[in-house]
Amino acid sequence: MYDPNTAPPSPPGKPHWSAGAVALVVIGLLILIPSGLCTGIFGVGAIYDMVTSSSSEGFSILLEALMFGGIPLVIGGLLVFAGFKMRKGG
């Protein structure tokens, strides 16, 4: 029999966001976006210096940008990835 007081069940395949998943995505994006922009700006500047100059200073700047900016990029990306994996299926 149909009971009008019960809520209809949620669709089985739709993922639900938990508070932990939302927190991981937000914190990951707060790390990923600024570090990505900073690394990208220094990387583009280093590549421009390598193209326009004959010195090897641009290559060393590019390596420094990737070493110091790559770590936060990876951490932020992993947090965002973990947040999307934490979503619970209905």
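Just so we're clear, the structure is a prediction, and the values are computed from it rather than from any experiment.

**Regarding the packing of aromatic side chains**
And then number 1: Enumeration over the complete set of coordinates arrives at 1 aromatic pair.
And then number 2: Centroid distance Trp17 to Phe84: 5.3 Å. Interplanar angle 70°. Geometry classified as edge-to-face. Taken together, the positions of Trp17 in the loop between strand S1 (15-16) and helix H1 (19-52) and Phe84 in helix H2 (residues 57-85) put the pair 67 residues apart, joining distant regions of the chain.
And then number 3: Relative accessible area serves as the criterion here: at 41%, Trp17 is assigned to the partly exposed category.
And then number 4: Note on Phe84: relative accessible area 42%, which makes it partly exposed.

**Remarks on the environment of Leu24**
And then number 1: On the secondary structure map, Leu24 appears in helix H1.
And then number 2: Exposure remark for Leu24: the relative accessible area of 22% places this residue in the partly exposed category.
And then number 3: In contact with Leu24, not counting residues within four places along its chain, are Leu79, Val80, Ala82, Gly83 and Met86.

Analysis parameters
Residues numbered from 1 in each chain as written. Predicted model: local features only at pLDDT ≥ 70, side-chain atom pairs only at ≥ 80, totals over all residues. Heavy atoms only, no water. Phe/Tyr/Trp six-rings, centres within 6.5 Å; stacked < 30°, edge-to-face > 60°. Helix = DSSP H or I, 4+ residues; strand = E, 2+ residues; numbered from the N terminus. Buried < 20%, exposed > 50% of the residue type's maximum accessible area, 1.4 Å probe, protein only. Contact = heavy atoms within 4.5 Å.

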